[in-house]
Amino acid sequence: MRNIRHYLLLLLALLLSPALSAHTLKGQIIFNDSLPAPYVTIYIPATGQGTITDLEGQYCLENLSAEEIEVQFSLVGYKTIKKKINLSVTQLLNLCMEEQAIQLSNVYVTPDGQDPALYILNKVIEHAEKNRARLVSYTANMEATLHAQDMDFIPMLVPKTAMWFVRRAIRAAHFGATFDHCISNPTVDVTLRTTQLWKKGKVKNTEDKILSSNPPLSSDASSQMLRVAHFNLFDQLYGDKNDWGKKGIKESRFELKGTFEEEGLTIDVLEFQEGFKMKGKEYIPMVTRLYVIEDIWAILRIESNSDAGKSIIECRNIGGNIYLPISKITEPSAIDINDGLKEAIQDFKESQDKKSRAERQIMERIESVLKSGRRLRPYMATGYVIKYSGVEVK
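Let's shift gears to the overall build of the protein. The helix and strand inventory of the protein stands at 10 helices and 17 strands. For the protein, the proportion of its 394 residues judged to be buried stands at 41%. Considering only contacts within the protein whose residues lie at least 6 apart along the sequence, 62% involve residues at least 24 apart. About 22300 Å² of surface is accessible on the protein, with carbon and sulfur atoms providing 52% of the total.

All right, on to the packing of aromatic side chains then. Inspection of the entire model under this criterion finds 10 aromatic pairs. Ring pairs connect the aromatic residues Y138, W198, F234, Y238 and Y388, which therefore count as one cluster. Directly above the aromatic system of F175 lies the positively charged group of R227, at a separation of 5.5 Å from the ring centroid. A cation over a ring is seen here: R301 above Y291, with NZ or CZ 5.4 Å from the ring centre.

What follows covers empty space enclosed by the protein. Evaluated as defined, the whole model comprises 2 cavities of 30 Å³ or more. Reported here for the largest cavity is a volume of approximately 70 Å³. Contributing elements (two or more residues each) for the lining of the largest cavity: strand 8 (135-149), strand 9 (187-199) and strand 17 (379-393). Of the residues contributing to the lining of the largest cavity, the split by class is 8 nonpolar, 2 polar and no charged. Of the pockets and cavities examined, the second largest cavity occupies roughly 40 Å³. Every residue lining the second largest cavity is listed: Y39, T41, I52, I312, S327, K328 and I329.

Looking now at the pairing of strand 10 (residues 202-214). In the sheet, strand 9 pairs with strand 10 via 10 bridges, with the strands oriented antiparallel. Bridging from a neighbouring strand, D189 pairs with N214 of strand 10. In textbook terms, the turn of a hairpin is the stretch between consecutive antiparallel strands, and for strand 9 and strand 10 this stretch comprises 2 residues, one of which, K200, has a positive phi near 50°.

Another aspect to go through is the packing of helix 9 (residues 338-350) against helix 10 (residues 357-371). Between two packed helices, what matters for the description is the angle formed by their axes and the separation of those axes. Two elements in contact, helix 9 and helix 10, have axes whose closest approach is 10 Å; the angle formed by their N-to-C orientations is 140°. By the criterion of interaxial angle, the relationship of helix 9 to helix 10 is oblique. In this structure, helix 9 crosses over helix 10, and the sense of that crossing is left-handed. For the pair helix 9 and helix 10, the contacting residues are N338, L341, K342, A344, I345, F348 and K349 in the first and E359, R360, M363, I366, E367 and L370 in the second. Partitioned by chemical class, the residues of the contact of helix 9 with helix 10 number 7 nonpolar, 1 polar and 5 charged.

In this section: unusual backbone geometry. Cis geometry is adopted by the peptide bond preceding P215, which originates at N214 and carries an omega value of -5°. Within the secondary structure, P215 sits in the loop between strand 10 and helix 6 (219-227). The residue S34 is not glycine, and still its phi comes out positive at about 75°. With respect to the helices, strands and loops of the structure, S34 is situated in the loop between strand 1 (23-30) and strand 2 (41-44). With relative accessibility at 53%, the residue S34 sits in the exposed group. The backbone phi angle of Y39 is positive, close to 65°, even though this residue is not glycine. Within the secondary structure, Y39 sits in the loop between strand 1 and strand 2. With relative accessibility at 12%, the residue Y39 sits in the buried group.

Another point: the sheet that holds strand 4 (residues 58-64). Read across the sheet, 3 strands follow the order 4-1-7 without closing on themselves; strand pairing throughout is mixed. The sheet terminates laterally at strand 4 and strand 7 (95-96), the two strands that pair on one side only. Two strands pair when backbone bridges link them, and strand 1 and strand 4 are joined in this way by 5 bridges, in the antiparallel orientation. Of the residues in strand 4, the one forming a bridge with G27 is Y59.

Attention now goes to the sheet that holds strand 6 (residues 81-86). Across the sheet, which stays open at both edges, the 4 strands sit in the order 3-2-5-6 with antiparallel pairing between neighbours. What marks the edges here is a single partner per strand, and that holds for strand 3 (49-52) and strand 6. Averaged over neighbouring strand pairs, the angle between their axes works out to 20° when direction is ignored. Two elements, strand 5 (residues 68-74) and strand 6, share 6 bridges in a ladder whose sense is antiparallel. For I69, the partnering residue across the bridge sits in strand 6 and is I85.

Procedures and definitions
Residues numbered from 1 in each chain as written. Predicted model: local features only at pLDDT ≥ 70, side-chain atom pairs only at ≥ 80, totals over all residues. Heavy atoms only, no water. Helix = DSSP H or I, 4+ residues; strand = E, 2+ residues; numbered from the N terminus. Buried < 20%, exposed > 50% of the residue type's maximum accessible area, 1.4 Å probe, protein only. Contact = heavy atoms within 4.5 Å. Areas by Shrake-Rupley, 256 points an atom, 1.4 Å probe, with all protein chains shown as cover. Phe/Tyr/Trp six-rings, centres within 6.5 Å; stacked < 30°, edge-to-face > 60°. Lys NZ or Arg CZ within 6 Å of the ring centre and 35° of its normal. 1 Å grid on protein atoms, 1.4 Å probe; cavity = no way out; pocket = protein on both sides within 12 Å on 5 of 7 lines; lining within 4 Å. Points joined across faces, edges and corners; volume = space filled by probe spheres on them. Nonpolar A, V, L, I, M, F, W, Y, C, P; charged D, E, K, R; others polar. Pairing = 2+ DSSP bridges. Axes fitted to C-alpha atoms, helices over the stretch in contact; angles between N-to-C directions. Parallel < 35°, antiparallel > 145°, perpendicular 65-115°, else oblique. Left-handed = near helix turned anticlockwise from the far one by under 90°.

Next up, the structure:
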(Lines give C-alpha, C1' and ligand atoms only; values in the text may rest on other atoms or scores of the structure.)
Protein backbone atom coordinates (compact mmCIF):
# COMPACT_ATOMS: atom_id res chain seq x y z
CA MET A 1 0.00 0.00 0.00
CA ARG A 2 2.81 2.40 0.87
CA ASN A 3 4.51 1.77 -2.47
CA ILE A 4 1.25 2.42 -4.34
CA ARG A 5 0.70 5.65 -2.39
CA HIS A 6 4.28 6.74 -3.08
CA TYR A 7 3.80 5.98 -6.77
CA LEU A 8 0.55 7.95 -6.95
CA LEU A 9 2.09 10.94 -5.21
CA LEU A 10 5.04 10.87 -7.61
CA LEU A 11 2.71 10.62 -10.61
CA LEU A 12 0.62 13.52 -9.31
CA ALA A 13 3.76 15.63 -8.87
CA LEU A 14 4.84 14.91 -12.44
CA LEU A 15 1.43 15.83 -13.81
CA LEU A 16 1.25 19.07 -11.86
CA SER A 17 4.85 20.21 -12.42
CA PRO A 18 4.23 21.88 -15.84
CA ALA A 19 1.25 23.76 -14.42
CA LEU A 20 3.14 24.80 -11.33
CA SER A 21 6.13 26.05 -13.34
CA ALA A 22 4.07 28.06 -15.85
CA HIS A 23 3.54 31.73 -15.06
CA THR A 24 1.30 34.49 -16.37
CA LEU A 25 2.02 38.21 -16.70
CA LYS A 26 -0.79 40.65 -17.42
CA GLY A 27 -1.66 44.29 -16.99
CA GLN A 28 -2.68 47.53 -18.68
CA ILE A 29 -0.60 50.07 -20.60
CA ILE A 30 -1.70 53.71 -20.68
CA PHE A 31 -0.54 57.06 -22.07
CA ASN A 32 0.36 60.14 -20.02
CA ASP A 33 -3.26 61.34 -20.22
CA SER A 34 -4.40 58.05 -18.62
CA LEU A 35 -6.04 56.86 -21.85
CA PRO A 36 -5.43 53.19 -22.74
CA ALA A 37 -2.52 52.45 -25.10
CA PRO A 38 -3.57 49.95 -27.79
CA TYR A 39 -1.15 48.05 -30.08
CA VAL A 40 1.82 48.16 -27.69
CA THR A 41 4.13 45.24 -28.51
CA ILE A 42 5.16 43.21 -25.45
CA TYR A 43 8.17 41.00 -26.18
CA ILE A 44 10.47 38.66 -24.23
CA PRO A 45 13.81 38.50 -26.13
CA ALA A 46 15.06 35.39 -24.30
CA THR A 47 12.12 33.20 -25.38
CA GLY A 48 10.69 35.10 -28.35
CA GLN A 49 7.25 35.15 -26.73
CA GLY A 50 5.11 38.22 -27.21
CA THR A 51 1.68 39.77 -27.58
CA ILE A 52 -0.06 43.08 -28.40
CA THR A 53 -2.27 45.19 -26.16
CA ASP A 54 -5.94 45.38 -27.12
CA LEU A 55 -8.04 48.53 -27.57
CA GLU A 56 -8.24 48.91 -23.78
CA GLY A 57 -4.46 48.64 -23.39
CA GLN A 58 -4.81 45.23 -21.74
CA TYR A 59 -2.31 42.42 -22.32
CA CYS A 60 -1.71 38.88 -21.09
CA LEU A 61 1.35 36.64 -21.53
CA GLU A 62 0.73 33.02 -20.58
CA ASN A 63 2.80 29.85 -20.22
CA LEU A 64 5.97 31.66 -19.14
CA SER A 65 8.34 28.97 -17.88
CA ALA A 66 11.15 31.12 -16.41
CA GLU A 67 10.66 32.89 -13.09
CA GLU A 68 12.94 35.80 -13.96
CA ILE A 69 12.43 37.46 -17.33
CA GLU A 70 13.19 40.71 -19.15
CA VAL A 71 10.20 42.20 -20.99
CA GLN A 72 10.21 44.96 -23.64
CA PHE A 73 7.24 47.28 -24.18
CA SER A 74 7.39 49.23 -27.46
CA LEU A 75 5.11 51.46 -29.52
CA VAL A 76 5.81 53.72 -32.46
CA GLY A 77 6.51 57.27 -31.27
CA TYR A 78 7.19 56.20 -27.66
CA LYS A 79 10.26 55.15 -25.70
CA THR A 80 10.83 51.41 -25.43
CA ILE A 81 10.50 50.25 -21.80
CA LYS A 82 12.53 47.33 -20.47
CA LYS A 83 11.57 45.63 -17.23
CA LYS A 84 13.24 42.77 -15.35
CA ILE A 85 10.51 40.83 -13.56
CA ASN A 86 10.45 38.03 -11.01
CA LEU A 87 7.22 36.21 -11.83
CA SER A 88 7.09 34.50 -8.46
CA VAL A 89 6.58 38.00 -7.00
CA THR A 90 4.97 40.00 -9.84
CA GLN A 91 2.16 38.77 -12.10
CA LEU A 92 0.45 42.14 -12.64
CA LEU A 93 2.36 45.00 -14.30
CA ASN A 94 0.79 48.31 -15.39
CA LEU A 95 2.88 50.89 -17.23
CA CYS A 96 2.67 54.37 -18.77
CA MET A 97 4.27 55.02 -22.17
CA GLU A 98 6.47 58.11 -22.56
CA GLU A 99 6.70 59.93 -25.88
CA GLN A 100 9.93 59.58 -27.88
CA ALA A 101 11.53 62.86 -28.94
CA ILE A 102 13.00 62.78 -32.43
CA GLN A 103 16.02 65.01 -32.97
CA LEU A 104 15.82 66.63 -36.39
CA SER A 105 18.90 66.10 -38.52
CA ASN A 106 20.27 69.33 -39.90
CA VAL A 107 23.41 67.65 -41.26
CA TYR A 108 23.71 64.09 -42.55
CA VAL A 109 26.94 63.45 -44.44
CA THR A 110 26.70 60.97 -47.32
CA PRO A 111 29.17 60.00 -50.07
CA ASP A 112 29.11 62.39 -53.05
CA GLY A 113 26.40 64.46 -51.41
CA GLN A 114 23.80 61.78 -52.08
CA ASP A 115 20.28 62.35 -50.76
CA PRO A 116 20.31 60.98 -47.15
CA ALA A 117 17.03 59.05 -47.46
CA LEU A 118 18.13 57.43 -50.73
CA TYR A 119 21.53 56.58 -49.21
CA ILE A 120 19.87 54.90 -46.19
CA LEU A 121 17.39 52.95 -48.32
CA ASN A 122 20.14 51.68 -50.60
CA LYS A 123 22.06 50.52 -47.53
CA VAL A 124 18.99 48.65 -46.27
CA ILE A 125 18.56 46.82 -49.59
CA GLU A 126 22.29 46.07 -49.85
CA HIS A 127 22.33 44.47 -46.40
CA ALA A 128 19.03 42.66 -47.05
CA GLU A 129 20.62 40.86 -50.02
CA LYS A 130 23.53 39.76 -47.85
CA ASN A 131 21.30 38.74 -44.94
CA ARG A 132 19.05 36.67 -47.15
CA ALA A 133 22.08 34.61 -48.15
CA ARG A 134 23.27 34.42 -44.50
CA LEU A 135 19.91 33.26 -43.13
CA VAL A 136 20.04 29.46 -43.41
CA SER A 137 16.88 28.46 -41.54
CA TYR A 138 14.25 29.40 -38.99
CA THR A 139 10.87 28.27 -37.71
CA ALA A 140 8.28 31.01 -37.19
CA ASN A 141 5.17 30.25 -35.14
CA MET A 142 2.55 32.85 -35.98
CA GLU A 143 -0.71 33.49 -34.16
CA ALA A 144 -3.10 35.75 -36.04
CA THR A 145 -6.42 37.32 -35.08
CA LEU A 146 -9.14 38.83 -37.24
CA HIS A 147 -12.03 40.97 -36.06
CA ALA A 148 -14.75 42.11 -38.47
CA GLN A 149 -17.59 44.36 -37.42
CA ASP A 150 -20.76 45.52 -39.18
CA MET A 151 -19.61 44.04 -42.50
CA ASP A 152 -23.10 42.58 -42.90
CA PHE A 153 -24.18 46.12 -43.78
CA ILE A 154 -22.39 45.94 -47.16
CA PRO A 155 -25.16 44.04 -49.01
CA MET A 156 -27.60 46.75 -47.93
CA LEU A 157 -25.57 49.43 -49.69
CA VAL A 158 -24.72 47.58 -52.88
CA PRO A 159 -27.34 46.76 -55.56
CA LYS A 160 -27.85 43.05 -56.20
CA THR A 161 -26.31 43.15 -59.68
CA ALA A 162 -23.20 44.97 -58.43
CA MET A 163 -23.01 42.62 -55.44
CA TRP A 164 -22.95 39.67 -57.83
CA PHE A 165 -19.88 41.12 -59.58
CA VAL A 166 -18.19 41.87 -56.23
CA ARG A 167 -18.73 38.30 -55.05
CA ARG A 168 -17.49 36.93 -58.38
CA ALA A 169 -14.27 38.98 -58.20
CA ILE A 170 -13.59 37.91 -54.61
CA ARG A 171 -14.30 34.26 -55.42
CA ALA A 172 -11.84 34.50 -58.31
CA ALA A 173 -9.25 35.45 -55.68
CA HIS A 174 -10.29 32.34 -53.70
CA PHE A 175 -11.72 34.23 -50.73
CA GLY A 176 -15.41 33.94 -51.57
CA ALA A 177 -16.39 31.80 -48.55
CA THR A 178 -14.55 34.12 -46.15
CA PHE A 179 -16.20 37.20 -47.65
CA ASP A 180 -19.66 35.59 -47.46
CA HIS A 181 -19.01 34.69 -43.81
CA CYS A 182 -18.07 38.28 -42.90
CA ILE A 183 -21.01 39.93 -44.66
CA SER A 184 -23.46 37.43 -43.15
CA ASN A 185 -22.66 38.22 -39.50
CA PRO A 186 -22.65 41.47 -37.44
CA THR A 187 -19.31 40.51 -35.85
CA VAL A 188 -16.69 37.91 -36.72
CA ASP A 189 -13.74 36.89 -34.52
CA VAL A 190 -11.16 34.36 -35.68
CA THR A 191 -7.86 33.24 -34.14
CA LEU A 192 -5.52 31.01 -36.12
CA ARG A 193 -2.03 29.58 -35.87
CA THR A 194 0.42 28.67 -38.59
CA THR A 195 4.06 27.62 -38.67
CA GLN A 196 6.43 28.88 -41.36
CA LEU A 197 9.66 27.03 -42.14
CA TRP A 198 12.48 28.94 -43.87
CA LYS A 199 15.21 26.91 -45.52
CA LYS A 200 17.80 28.66 -47.70
CA GLY A 201 15.39 31.28 -48.96
CA LYS A 202 12.40 29.01 -49.51
CA VAL A 203 9.38 29.03 -47.19
CA LYS A 204 6.74 26.45 -46.40
CA ASN A 205 3.73 26.79 -44.14
CA THR A 206 2.79 23.82 -41.99
CA GLU A 207 0.51 23.03 -39.05
CA ASP A 208 -2.23 25.48 -40.05
CA LYS A 209 -5.01 25.50 -37.46
CA ILE A 210 -8.07 27.58 -36.61
CA LEU A 211 -7.90 28.00 -32.83
CA SER A 212 -11.26 29.70 -32.39
CA SER A 213 -14.02 31.22 -34.49
CA ASN A 214 -17.17 33.05 -33.49
CA PRO A 215 -19.42 32.32 -35.28
CA PRO A 216 -18.01 28.98 -36.53
CA LEU A 217 -16.41 28.97 -39.98
CA SER A 218 -17.32 26.62 -42.79
CA SER A 219 -14.57 24.29 -44.00
CA ASP A 220 -14.06 26.42 -47.15
CA ALA A 221 -13.88 29.66 -45.14
CA SER A 222 -11.42 28.03 -42.70
CA SER A 223 -9.00 26.97 -45.45
CA GLN A 224 -9.25 30.41 -47.07
CA MET A 225 -8.70 32.19 -43.76
CA LEU A 226 -5.54 30.19 -43.09
CA ARG A 227 -4.05 31.35 -46.40
CA VAL A 228 -4.18 34.94 -45.11
CA ALA A 229 -1.17 34.11 -42.93
CA HIS A 230 0.80 32.54 -45.80
CA PHE A 231 3.38 35.18 -46.70
CA ASN A 232 7.17 35.32 -46.70
CA LEU A 233 8.17 37.25 -43.58
CA PHE A 234 11.58 38.23 -44.95
CA ASP A 235 10.33 39.38 -48.37
CA GLN A 236 7.38 41.20 -46.83
CA LEU A 237 9.82 43.41 -44.94
CA TYR A 238 12.72 43.86 -47.36
CA GLY A 239 11.24 43.20 -50.78
CA ASP A 240 10.97 40.32 -53.21
CA LYS A 241 14.20 38.42 -53.90
CA ASN A 242 13.94 39.26 -57.62
CA ASP A 243 13.54 42.98 -57.06
CA TRP A 244 14.76 43.82 -53.53
CA GLY A 245 12.72 46.99 -53.56
CA LYS A 246 15.14 48.67 -55.98
CA LYS A 247 12.33 49.83 -58.22
CA GLY A 248 10.56 51.24 -55.18
CA ILE A 249 13.70 53.07 -54.08
CA LYS A 250 14.09 54.73 -57.49
CA GLU A 251 10.51 55.96 -57.31
CA SER A 252 10.79 56.77 -53.60
CA ARG A 253 9.95 60.15 -52.16
CA PHE A 254 11.12 59.32 -48.65
CA GLU A 255 12.73 62.11 -46.65
CA LEU A 256 14.97 61.86 -43.60
CA LYS A 257 12.92 63.40 -40.78
CA GLY A 258 15.29 62.86 -37.87
CA THR A 259 17.14 60.46 -35.60
CA PHE A 260 16.91 59.24 -32.03
CA GLU A 261 18.78 56.88 -29.71
CA GLU A 262 17.18 53.65 -28.49
CA GLU A 263 19.05 51.07 -26.40
CA GLY A 264 22.41 52.36 -27.67
CA LEU A 265 21.28 52.23 -31.31
CA THR A 266 20.92 55.20 -33.66
CA ILE A 267 17.56 55.07 -35.42
CA ASP A 268 16.96 57.03 -38.63
CA VAL A 269 13.35 58.01 -39.31
CA LEU A 270 12.34 58.23 -42.97
CA GLU A 271 8.94 59.58 -43.97
CA PHE A 272 6.90 59.31 -47.14
CA GLN A 273 3.68 61.26 -47.66
CA GLU A 274 1.27 60.18 -50.38
CA GLY A 275 -0.82 63.23 -51.24
CA PHE A 276 -3.17 64.53 -53.87
CA LYS A 277 -4.84 67.84 -54.61
CA MET A 278 -8.53 68.55 -54.78
CA LYS A 279 -10.07 71.97 -55.42
CA GLY A 280 -6.69 73.61 -54.92
CA LYS A 281 -6.27 72.14 -51.43
CA GLU A 282 -3.65 69.50 -50.66
CA TYR A 283 -4.73 66.38 -48.81
CA ILE A 284 -2.35 63.86 -47.23
CA PRO A 285 -4.23 60.55 -47.17
CA MET A 286 -1.33 58.41 -45.93
CA VAL A 287 1.96 58.96 -44.09
CA THR A 288 4.46 56.08 -43.91
CA ARG A 289 7.44 56.11 -41.54
CA LEU A 290 10.37 53.74 -41.79
CA TYR A 291 12.64 53.29 -38.74
CA VAL A 292 16.13 52.12 -39.77
CA ILE A 293 19.00 51.07 -37.46
CA GLU A 294 22.26 52.68 -38.58
CA ASP A 295 25.42 50.61 -39.19
CA ILE A 296 23.55 47.28 -39.46
CA TRP A 297 20.93 48.92 -41.75
CA ALA A 298 18.00 46.84 -40.54
CA ILE A 299 14.34 47.85 -40.32
CA LEU A 300 13.18 48.25 -36.73
CA ARG A 301 9.57 49.17 -37.52
CA ILE A 302 7.23 50.44 -40.22
CA GLU A 303 4.25 52.64 -39.51
CA SER A 304 1.53 53.81 -41.91
CA ASN A 305 -1.25 56.19 -40.86
CA SER A 306 -4.16 57.70 -42.74
CA ASP A 307 -7.74 58.75 -42.18
CA ALA A 308 -8.66 55.25 -43.32
CA GLY A 309 -6.65 53.49 -40.58
CA LYS A 310 -3.20 52.37 -39.51
CA SER A 311 -0.67 49.58 -39.95
CA ILE A 312 2.37 48.87 -37.73
CA ILE A 313 5.09 46.24 -38.16
CA GLU A 314 7.46 45.80 -35.21
CA CYS A 315 10.77 43.94 -35.77
CA ARG A 316 13.48 42.42 -33.58
CA ASN A 317 16.88 40.78 -34.00
CA ILE A 318 16.23 37.04 -34.46
CA GLY A 319 19.99 36.34 -34.71
CA GLY A 320 23.09 37.72 -36.41
CA ASN A 321 21.60 41.25 -36.55
CA ILE A 322 18.88 40.02 -38.91
CA TYR A 323 15.66 41.85 -38.02
CA LEU A 324 12.31 40.27 -38.89
CA PRO A 325 8.70 41.05 -37.86
CA ILE A 326 7.56 39.94 -34.40
CA SER A 327 4.18 41.68 -34.59
CA LYS A 328 1.92 43.37 -37.08
CA ILE A 329 -1.41 45.13 -36.74
CA THR A 330 -3.68 46.48 -39.46
CA GLU A 331 -6.76 48.38 -38.41
CA PRO A 332 -9.02 50.60 -40.50
CA SER A 333 -10.62 53.54 -38.73
CA ALA A 334 -13.92 52.50 -37.18
CA ILE A 335 -16.08 55.49 -38.12
CA ASP A 336 -19.68 55.79 -37.02
CA ILE A 337 -21.54 56.17 -40.33
CA ASN A 338 -25.10 56.62 -38.97
CA ASP A 339 -25.15 60.41 -39.31
CA GLY A 340 -23.81 60.24 -42.86
CA LEU A 341 -26.45 57.68 -43.80
CA LYS A 342 -29.22 59.86 -42.33
CA GLU A 343 -28.02 62.77 -44.46
CA ALA A 344 -27.91 60.53 -47.54
CA ILE A 345 -31.50 59.40 -46.95
CA GLN A 346 -32.64 63.01 -46.45
CA ASP A 347 -30.90 64.13 -49.66
CA PHE A 348 -32.43 61.15 -51.48
CA LYS A 349 -35.93 62.10 -50.37
CA GLU A 350 -35.48 65.79 -51.21
CA SER A 351 -33.92 65.14 -54.60
CA GLN A 352 -36.14 65.75 -57.62
CA ASP A 353 -34.20 63.24 -59.70
CA LYS A 354 -35.96 60.10 -60.83
CA LYS A 355 -35.16 57.17 -58.52
CA SER A 356 -34.71 53.64 -59.76
CA ARG A 357 -36.34 50.71 -58.01
CA ALA A 358 -32.93 49.45 -56.84
CA GLU A 359 -32.08 52.84 -55.30
CA ARG A 360 -35.41 52.95 -53.46
CA GLN A 361 -34.88 49.44 -52.10
CA ILE A 362 -31.39 50.31 -50.83
CA MET A 363 -32.66 53.43 -49.06
CA GLU A 364 -35.54 51.50 -47.52
CA ARG A 365 -33.15 48.87 -46.13
CA ILE A 366 -30.82 51.53 -44.71
CA GLU A 367 -33.72 53.43 -43.15
CA SER A 368 -34.96 50.21 -41.55
CA VAL A 369 -31.56 49.56 -39.94
CA LEU A 370 -31.29 53.14 -38.65
CA LYS A 371 -34.78 52.95 -37.12
CA SER A 372 -33.71 49.82 -35.23
CA GLY A 373 -31.20 51.96 -33.28
CA ARG A 374 -28.15 50.00 -34.43
CA ARG A 375 -24.92 52.02 -34.52
CA LEU A 376 -22.84 51.16 -37.58
CA ARG A 377 -19.02 51.25 -37.43
CA PRO A 378 -17.93 48.83 -40.18
CA TYR A 379 -14.29 47.71 -40.28
CA MET A 380 -11.98 44.69 -40.36
CA ALA A 381 -8.78 44.47 -38.27
CA THR A 382 -6.00 41.89 -38.23
CA GLY A 383 -3.10 41.28 -35.87
CA TYR A 384 -0.11 38.92 -35.90
CA VAL A 385 2.31 37.84 -33.18
CA ILE A 386 5.34 35.82 -34.31
CA LYS A 387 7.79 33.69 -32.32
CA TYR A 388 11.03 32.40 -33.93
CA SER A 389 13.03 29.29 -33.09
CA GLY A 390 15.69 27.13 -34.71
CA VAL A 391 17.40 30.20 -36.22
CA GLU A 392 20.63 29.39 -38.08
CA VAL A 393 22.76 32.19 -39.53
CA LYS A 394 26.03 31.88 -41.46
